[in-house]
Amino acid sequence: MVAAAIIWFLAIVPARAEPAKVEVGIFVSSVYDLDFYEETFQAIVWLWFVHDDPQFDPLDSIEFTNAREYERLESYGRFREDGRRYVAAKYRLLVNQGWDLADFPFDRQELEIVLESVGRDASQLAFVFDGANSVLAQDLTLNGWSPGPVRGEPKVFTYNTTFGEESTELLSFPRVEFSVPLKRDNPKLFFEAYIGYLIAVLMCATIWLTSASGMPDYRIGMILAAIFSSIGNKHVLESNYPSSPTLGLADHLEISTFLLIAASMVLSVGCERLHLIGRDRLARRLNFVGIPILLSVYAAFFIVFVTAAATGGSAR
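Only a predicted model underlies this, so the values are computations on that prediction, with no experimental measurement involved.

## Points about the pattern of salt bridges
Between side chains of opposite charge, a pair can form as their charged atoms come close.
Next up, step 1: Counted by the stated rule, this structure contains 13 salt bridges.
Next up, step 2: The partner of Glu-71 in a salt bridge is Arg-92, and the shortest N-O contact between them spans 2.9 Å. On the criterion of sequence distance, the pair formed by Glu-71 in strand β4 (residues 67-79) and Arg-92 in strand β5 (residues 85-96) is long-range, its members being 21 residues apart.
Next up, step 3: The exposure class of Arg-92 is partly exposed, given its relative accessible area of 33%.
Next up, step 4: In this structure, Lys-188 engages Glu-192 in a salt bridge whose closest nitrogen and oxygen atoms are separated by 3.8 Å.
Next up, step 5: Members of the salt-bridge network, linked through shared partners, are Glu-116, Lys-155, Arg-175 and Glu-177.

Written out as structure tokens, the structure reads:
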């Protein structure tokens, strides 16, 4: 009797339907206009969808959730030999992108394109990433960058609203988060970006080569020149690249350089003060030992910060 009851119950209660699976792939044919101030990039991509769900039309049922603008340029579809529907479409995208420039110019970026279902929620539809066929174009070049392989991660995203639906449950939709890793590939950019700071350090180093006393004008002149060189370097960086919200390599080099300049100024004034009160021997000793110590400390911090950024760690 119990077995019969169970069989009867299973017969009258419909089984919960599995969401229809849609295979999604991407071909990135072009990436351009990486804008660090507007926090965007542009791309041209091909997307394809393979499925057997008659109610799913990818041309009308998807959106790019992190794109400011997107435009479908062309599309086509057919039935495959296995009976499943194949649809491919070409899009031009203007995508929002959060750049992390803390390790500039050794930074690594992750270009992200987020594709989401519209209308059909996660209980009805599930995306599957076609990783075997998702690639970058062979002729894709991005000046100053080395792109990595395309990655994709299917997810379910739950919104904190019902969008006015009758259901009291929050709505969840399937999405695929495509990503393309980028590594900056321009070795000379480091010297172009920080040449002003390096010149400022050399100017501070010349103080060590001068007499410990009797040359206040020369020393102050070198320090002022170092200050102007550092300020110029700072303005050049800010005009070309927005500052990071956290302390990065540029901030650490800037702070270290200005601290070196300030310490060199205090040391120079101290040596001159000792000369005026007749303690020339102590002034010479302070000059001979003080500047090399300052330069050594600066060099140690410089190496630590640059190595951390260059090896994929963090200057923060």
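Let us keep going from here.
## Focus: the packing of aromatic side chains
Next up, step 1: All told, the structure shown has 18 aromatic pairs when counted by the stated rule.
Next up, step 2: Ring centres of Phe-190 and Phe-191 lie 5.4 Å apart, and the angle between their planes is 85 degrees; on these two criteria the pair is classed as edge-to-face.
Next up, step 3: A residue is classified by how much of its surface remains accessible, and Phe-190, at 8% relative accessible area, is buried.
Next up, step 4: In textbook terms, an aromatic cluster arises when at least three aromatic residues are bridged by ring pairs, as seen for Phe-106, Phe-190, Phe-191, Tyr-194, Tyr-197, Tyr-298 and Phe-302.
Next up, step 5: Taking NZ or CZ as reference, Arg-78 lies 5.2 Å from the ring centre of Tyr-86, over its face.
Next up, step 6: One residue, Arg-85, lies across the ring of Phe-79, its end atom 5.0 Å from the ring centre.

## Observations regarding the confidence of the model for the protein
Next up, step 1: Confidence in the prediction for the protein averages 87 pLDDT; 91% of positions are at 70 or higher.
Next up, step 2: In the predicted structure, residues 2-16 sits below a pLDDT of 50 and forms one contact with residues beyond four places in sequence or in another chain.

## Quick notes on the packing of helix α2 (residues 189-206) against helix α4 (residues 249-276)
Next up, step 1: Following both chains from N to C, one finds α2 and α4 inclined at 15 degrees, their axes separated by 9 Å at the closest point. Between α2 and α4, the interaxial angle falls into the category roughly parallel. Where α2 crosses over α4, the two elements pack in a sense that is left-handed. Contacts between α2 and α4 involve Phe-190, Tyr-194, Tyr-197, Ala-200, Val-201 and Cys-204 on the former and, on the latter, Leu-249, Ala-250, Leu-253, Glu-254, Thr-257, Leu-260, Ile-261 and Ser-264.
Next up, step 2: Among the residues making up the contact of α2 with α4, the classes are represented as eleven nonpolar, two polar and one charged.

## Focus on empty space enclosed by the protein
Next up, step 1: Per the stated rule, a full pass over the model turns up one cavity of 30 Å³ or more.
Next up, step 2: In this structure, the largest cavity spans a volume of roughly 70 Å³.
Next up, step 3: Around the largest cavity sit Ile-26, Val-28, Val-31, Phe-41, Ala-43, Leu-111, Glu-112, Ile-113, Val-150, Phe-178, Ser-179 and Val-180, which together line it.
Next up, step 4: Considering only residue class, the lining of the largest cavity consists of ten nonpolar, one polar and one charged.

## Looking at the environment of Val-95
Next up, step 1: Following the sequence through the fold, Val-95 ends up in strand β5.
Next up, step 2: The spacing of Val-95 and Leu-34 is 61 residues in sequence and 9.8 Å in space, taken between C-alpha atoms.
Next up, step 3: When sequence neighbours within four positions are dropped, the list of residues in contact with Val-95 reads Glu-39, Thr-40, Phe-41, Asn-66, Ala-67, Arg-68, Glu-112 and Ile-113.

## Brief notes about the layout of surface pockets
Empty pockets left among the atoms are what a rolling probe the size of a water molecule brings to light.
Next up, step 1: By volume, the largest pocket amounts to about 230 Å³.
Next up, step 2: Contributing to the lining of the largest pocket are 17 residues, with Leu-237, Pro-242, Ser-243, Ala-250 and Asp-251 lying nearest its centre.
Next up, step 3: Secondary-structure elements contributing two or more residues to the lining of the largest pocket are α2, α3 (216-240) and α4.
Next up, step 4: Looking at the lining of the largest pocket, the element that brings in the most residues is α4, giving four residues.
Next up, step 5: Looking at the lining of the largest pocket residue by residue, the classes come out as ten nonpolar, three polar and four charged.

How each quantity is defined
- Residues numbered from 1 in each chain as written.
- Predicted model: local features only at pLDDT ≥ 70, side-chain atom pairs only at ≥ 80, totals over all residues.
- Heavy atoms only, no water.
- Salt bridge = Lys/Arg side-chain N within 4 Å of Asp/Glu carboxyl O.
- Helix = DSSP H or I, 4+ residues; strand = E, 2+ residues; numbered from the N terminus.
- Buried < 20%, exposed > 50% of the residue type's maximum accessible area, 1.4 Å probe, protein only.
- Phe/Tyr/Trp six-rings, centres within 6.5 Å; stacked < 30°, edge-to-face > 60°.
- Lys NZ or Arg CZ within 6 Å of the ring centre and 35° of its normal.
- pLDDT = per-residue confidence, 0-100.
- Contact = heavy atoms within 4.5 Å.
- Axes fitted to C-alpha atoms, helices over the stretch in contact; angles between N-to-C directions.
- Parallel < 35°, antiparallel > 145°, perpendicular 65-115°, else oblique.
- Left-handed = near helix turned anticlockwise from the far one by under 90°.
- Nonpolar A, V, L, I, M, F, W, Y, C, P; charged D, E, K, R; others polar.
- 1 Å grid on protein atoms, 1.4 Å probe; cavity = no way out; pocket = protein on both sides within 12 Å on 5 of 7 lines; lining within 4 Å.
- Points joined across faces, edges and corners; volume = space filled by probe spheres on them.

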